[in-house]
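A structural walkthrough
So you can see what is in the structure, the chains are spelled out below.
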Protein chains: 2
Amino acid sequence: GVGRNVTKHQLVQPGHLQKSGRQIQCYYYYIQSSILPGRFEEEFIKMRMERLQGWLCRMCRHPVVSNSDVFQLFLTYRDEKEWKTGKRRAEKDECVGPMVFSTIDPEAPELDIIEVEQKCELFSRFTKEMDDGVKDLLNVGNIHWKRCTGPLRKEYQKIGKAFQNLSSVFNTSGYTGEATLTDALTAAGKTYEEISQIVAEQPRKDLHFLMETNNEYKGLLGCFPDTIGVHKAAIEKVREGDKMVAAGKITTQDKVTMAKRTSIMCYSLQAEMNHFHSNRIYDYNRVMQLYLEEQIRFYETIAEKLKQTLGQFTTL
Amino acid sequence: GVGRNVTKHQLVQPGHLQKSGRQIQCYYYYIQSSILPGRFEEEFIKMRMERLQGWLCRMCRHPVVSNSDVFQLFLTYRDEKEWKTGKRRAEKDECVGPMVFSTIDPEAPELDIIEVEQKCELFSRFTKEMDDGVKDLLNVGNIHWKRCTGPLRKEYQKIGKAFQNLSSVFNTSGYTGEATLTDALTAAGKTYEEISQIVAEQPRKDLHFLMETNNEYKGLLGCFPDTIGVHKAAIEKVREGDKMVAAGKITTQDKVTMAKRTSIMCYSLQAEMNHFHSNRIYDYNRVMQLYLEEQIRFYETIAEKLKQTLGQFTTL
């Protein structure tokens with residue numbers, strides 16, 4: 001289903017998928033393949049398709065989002081009419097925004113406000129610090145990528161050219177037995193030119209996936225400040241509860257209900273965080289393994305090429 | 001013998017060793033070990049000792065220089081008195097400069113002036129072009145050396161720090177089963193810090209010898225323009241021979257003698273070039289093998305370290 005949609009839309013930008021159980025606001029634009037050539041480079045389109053694929057897979061893994069009507073509709077609709085009908089139905093849903101919490105029953109003892117606040121603080125600190133860590137890694141990765149495709153590529157190319165150039169000069173010596181050295185030296189030069197290519201192409205084979213995963217998490221982490229803001233506002237409200245009761249603005253029963261709702265919100269956020277952590281551990285484990293595997297292949301490939309070149313030299 | 005002298009002088013700068021059979025002009029200064037500390041860094045002294053060792057080995061390999069009285073004296077003298085006596089004896093030698101050619105008998109048919117000129121031209125072109133090639137390689141090598149010890153070292157260090165930093169953040173999640181990822185991620189970070197060190201230390205293990213050999217050849221090649229200048233001047237003189245005979249400045253017999261001497265000079269230069277080529281092929285073969293061997297070890301060491309790190313990740 002997902003694959004079909006990617007092909008259908010070619011370039012889809014899901015905006016915010018508010019991960020509530022009842023409603024998904026799915027803003028997106030799509031550009032028909034007919035207007036693509038000339039306006040977007042192949043590489044760019046490929047990247048956007050990969051990212052959409054990744055995003056939809058992530059939504060499919062989410063226990064609540066994956067089962068929601070509107071997400072199912074997005075994946076399965078066959079024509080514009082089906083999509084519009086479904087969209088109109090979803091728009092009638094009144095259970096949007098924080099109202100979604102009214103449909104949740106944690107089936108667990110109510111958390112007191114101090115516990116709620118501590119948990120919220122932990123999630124806030126964690127997501128902020130992970131955001132910094134992810135951005136730091138993206139930054140270093142970007143610099144390394146540019147160095148591999150730029151200066152490093154040129155440098156290995158120059159080393160290769162210098163060996164080949166020296167070999168050409170040696171070839172003009174007119175001295176007998178020169179070929180023993182010059183053939184091997186030319187081979188060494190060509191090997192370093194090949195290494196130059198391998199170095200330049202490597203980031204697309206390993207760093208790419210590390211960067212994409214971190215980019216995805218940068219996007220996810222960027223949504224947390226708003227989400228956590230809603231929870232912090234609720235906590236603030238509960239903290240003001242006693243004053244509001246005293247001022248006759250709310251009843252004691254209202255205050256009890258507010259505290260209960262905040263506990264429910266906290267359980268929901270905890271569930272979301274558990275899901276986030278579980279995915280994060282899986283994703284980083286997988287991408288680090290992929291990165292290291294490709295890095296090993298990279299160093300081994302070069303070592304193998306150099307071994308073959310070394311074999312061309314004769315021990316005199 | 002050579003080793004002993006290196007130790008004795010600590011820092012010797014042989015200036016020009018005019019490679020004639022009868023006389024070696026050996027200008028050098030030496031600095032006693034007592035005044036070394038503070039003025040010269042250990043690294044610098046080590047490099048100069050290595051270069052002197054290399055230079056003396058080269059002189060020992062030269063069939064004429066190695067057997068000359070003054071070179072033997074330089075290697076074997078026990079005190080200042082022996083050195084001064086030998087030096088004074090050498091200074092009385094009248095067979096210096098181009099006069100040395102009068103002691104040489106090529107035992108081969110005389111070369112006509114066109115052959116002499118062609119050979120001289122070939123040597124001139126070869127040494128000039130090799131000089132350019134060597135300087136080009138030294139230039140590229142210097143840039144690569146600096147990149148390895150500078151930006152590349154820092155970059156791998158930053159990658160390592162970024163992994164370790166992310167691992168520290170993950171450790172604060174409070175989520176169970178976090179250690180599976182964080183331990184491996186910390187290990188990966190440390191591995192990239194180790195790689196940073198390996199990259200920074202690598203040039204001293206391989207590029208160093210490639211650079212030293214090329215530096216030595218840069219020095220040798222720098223002597224050729226003067227040497228070839230002497231030969232070109234002789235050729236010029238022979239070319240003017242007919243005019244000089246016509247002007248009564250020299251006899252026909254003088255002209256014949258001049259041509260014969262030029263042929264002898266050419267054979268001497270050819271012998272020197274043959275010796276140069278033979279050494280060059282040996283030296284470049286050896287240093288390229290050493291360079292490639294160390295490069296292979298470098299890439300294999302990193303691949304091995306990464307393999308060990310990969311093993312720490314669990315396939316979830």
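Details of the structure are given in the entry above.
Rules used throughout
Residues numbered from 1 in each chain as written. Chains lettered and ligands numbered in written order. Predicted model: local features only at pLDDT ≥ 70, side-chain atom pairs only at ≥ 80, totals over all residues. Heavy atoms only, no water. Helix = DSSP H or I, 4+ residues; strand = E, 2+ residues; numbered from the N terminus. Buried < 20%, exposed > 50% of the residue type's maximum accessible area, 1.4 Å probe, protein only. Contact = heavy atoms within 4.5 Å. Areas by Shrake-Rupley, 256 points an atom, 1.4 Å probe, with all protein chains shown as cover. Least-squares fit on C-alpha atoms with pLDDT ≥ 70 in both. Axes fitted to C-alpha atoms, helices over the stretch in contact; angles between N-to-C directions. Parallel < 35°, antiparallel > 145°, perpendicular 65-115°, else oblique. Left-handed = near helix turned anticlockwise from the far one by under 90°. Nonpolar A, V, L, I, M, F, W, Y, C, P; charged D, E, K, R; others polar. Expected span 1.5 Å × (residues − 1). Arc of directions from axis to C-beta. Phe/Tyr/Trp six-rings, centres within 6.5 Å; stacked < 30°, edge-to-face > 60°. Lys NZ or Arg CZ within 6 Å of the ring centre and 35° of its normal. Polar contact = N/O pair within 3.5 Å; in protein donor to acceptor, adjacent residues only side chain to side chain. Buried area = accessible area lost by both parts, 1.4 Å probe. Salt bridge = Lys/Arg side-chain N within 4 Å of Asp/Glu carboxyl O. Bend = angle between axes of the 7 residues up to and from the residue. Patch = residues over 30% accessible without salt bridge, like charges linked within 9 Å, V, L, I, M, F, W, Y side chains within 5 Å. Lys, Arg positive; Asp, Glu negative; His and termini not counted. Charge placed at Lys NZ, Arg CZ, Asp CG, Glu CD.

1. Focus on the overall build of chain A
Broken down by element type, chain A carries nine helices and zero strands. Evaluated residue by residue, chain A yields a buried proportion of 46% over its 316 residues. Within chain A, residue pairs in contact and separated by at least 24 positions form 76% of the contacts whose partners lie at least 6 positions apart. Within the structure as shown, chain A displays about 16,700 Å² of accessible surface, and the carbon and sulfur contribution to it stands at 52%.

2. Looking at the relation of the copies chain B and chain A
With an axial shift of 0.0 Å and an RMSD of 0.0 Å, the rotation relating chain B to chain A amounts to 180 degrees. Considering both components of the superposition, the chain copies are consistent with a two-fold axis. When C-alpha distances to the rotation axis are compared across chain B, the minimum falls at B:Y299, with a value of 2.6 Å.

3. Some words on the packing of helix α5 (residues 113–171) of chain B against helix α7 (residues 207–239) of chain B
Residue and element names in this part refer to chain B. Taken N-terminus to C-terminus, the directions of α5 and α7 make an angle of 155 degrees; their axes are 8 Å apart at the nearest point. Taken together, the axis directions place α5 and α7 in an arrangement best described as roughly antiparallel. α5 and α7 meet at a crossing whose hand is left-handed. Of the residues that constitute the contact of α5 with α7, the class distribution is 18 nonpolar, nine polar and seven charged.

4. Concerning helix α4 (residues 80–91) of chain B
Residues and elements named next belong to chain B. The terminal C-alpha atoms of α4 lie 16 Å apart, and with 12 residues this matches the ideal 16 Å at 1.5 Å per residue to within 8%. Those residues of α4 lying buried are W83, G86 and A90. Projection of α4 onto a plane perpendicular to its axis shows the buried side chains occupying an angular sector of 70 degrees, all on one side. Seen from the open side of α4, the exposed residues pointing more than 90 degrees away from its buried face are K81, R89 and E91. Elements in contact with the buried residues of α4: α3 (69–76).

5. What about the packing of aromatic side chains?
Taken as a whole, this structure holds 23 aromatic pairs over all chains when the rule is applied. Note on A:F163 and A:Y192: the rings are 5.8 Å apart at their centroids and 70 degrees apart in plane angle, and the pair reads as edge-to-face. Residue A:F163 is located in helix α5 (residues 113–171), and its partner A:Y192 is located in helix α6 (residues 179–205); the two are separated by 29 residues in the primary sequence. Residue A:Y192 is classed as buried on the basis of its relative accessible area of 0%. Ring centres 6.5 Å apart and planes at 20 degrees place the aromatic pair B:Y156 and B:Y192 in the stacked group. Here B:Y156, found in helix α5, pairs with B:Y192, found in helix α6 (residues 179–205); they are 36 residues apart in sequence, far enough to count as distant. Taken together, the aromatic side chains of A:F170, B:Y217, B:F224, B:F276 and B:Y284 make up a single cluster linked through ring pairs. Here the basic side chain of A:R280 rests over the ring of B:F170, its NZ or CZ set 4.3 Å away from the ring centre.

6. Digging into the packing of helix α2 (residues 42–61) of chain B against α7(B)
All names here are of chain B. Contact pair α2 / α7: the axes reach a minimum separation of 12 Å and the direction vectors enclose 55 degrees. Between α2 and α7, the interaxial angle falls into the category oblique. In this structure, α2 meets α7 at a crossing whose hand is right-handed. The segment α2 lies against α7, with M47, E50, R51, G54, W55 and R58 engaging H208, E212, N215, E216, Y217 and L220.

7. Details of the environment of B:T76
Relative to the helices and strands, B:T76 is located in helix α3. Only 2.7 Å separates the side chain of B:T76 from the backbone oxygen of B:Q72, close enough to count as a polar contact.

8. Looking at the interface of chain B and chain A
With 63 residues of chain B in contact, the opposing surface of chain A contributes 63 residues. When chain B packs against chain A, close to 6,100 Å² is buried across both sides, 72% of that on carbon and sulfur atoms. Counting across the interface, chain B meets chain A through six salt bridges. Note that B:E178 and A:R280 form a salt bridge whose closest N and O atoms lie 2.7 Å from each other. Our count for the contact surface shared by chain B and chain A stands at 12 residue pairs in polar contact (both at pLDDT 80 or more). Of all the elements in the fold, those that place two or more residues in the side of chain B that touches chain A are α5, α6, α7 and α9 (252–310) of chain B. At 24 residues, the largest contribution of residues to the side of chain B that touches chain A is made by α5(B). When the residues that make up the side of chain B that touches chain A are grouped by side-chain class, the tally is 36 nonpolar, 17 polar and 10 charged.

9. Thoughts on the pattern of salt bridges
Residues and elements named next belong to chain A. For the structure shown, the criterion picks out 33 salt bridges over all chains. Between K161 and E193 there is a salt bridge, with its nearest N and O atoms 3.0 Å apart. Remark: E193 occurs in helix α6 and K161 occurs in helix α5; sequence separation between them is 32 residues. Look at the salt bridges and you will find they share partners, linking R58, R61, E216 and D283 into a network.

10. Here's the deal with unusual backbone geometry
Residues and elements named next belong to chain A. Positive phi, close to 50 degrees, is recorded for E107, a residue that is not glycine. Tracing the sequence through the fold places E107 in the loop between α4 (80–92) and α5. For E107, a relative accessible area of 70% gives the class exposed.

11. A short note on α5(A)
The periodicity of an α-helix, 3.6 residues per turn, causes residues three or four places apart in sequence to face the same way. All names here are of chain A. In this model α5 runs 84 Å from its N-terminal to its C-terminal C-alpha over 59 residues, within 8% of the 87 Å that 1.5 Å per residue would give. Where α5 bends most, the angle comes to about 45 degrees, and this point is R147, followed within four residues by the proline P151. Residue D112 occupies the N-cap position of α5, its side-chain oxygen lying 3.0 Å from the main-chain nitrogen of I114.

12. Points about a positive patch on the surface
All names here are of chain A. A grouping of K84, K87, R88, R89 and K92 is seen on the molecular surface, where their side chains present a positively charged patch. Locating R88 in the fold gives a position in helix α4. Under the relative-accessibility criterion, R88 is labelled partly exposed at 48%.

What is shown is where atoms sit, not what they do.
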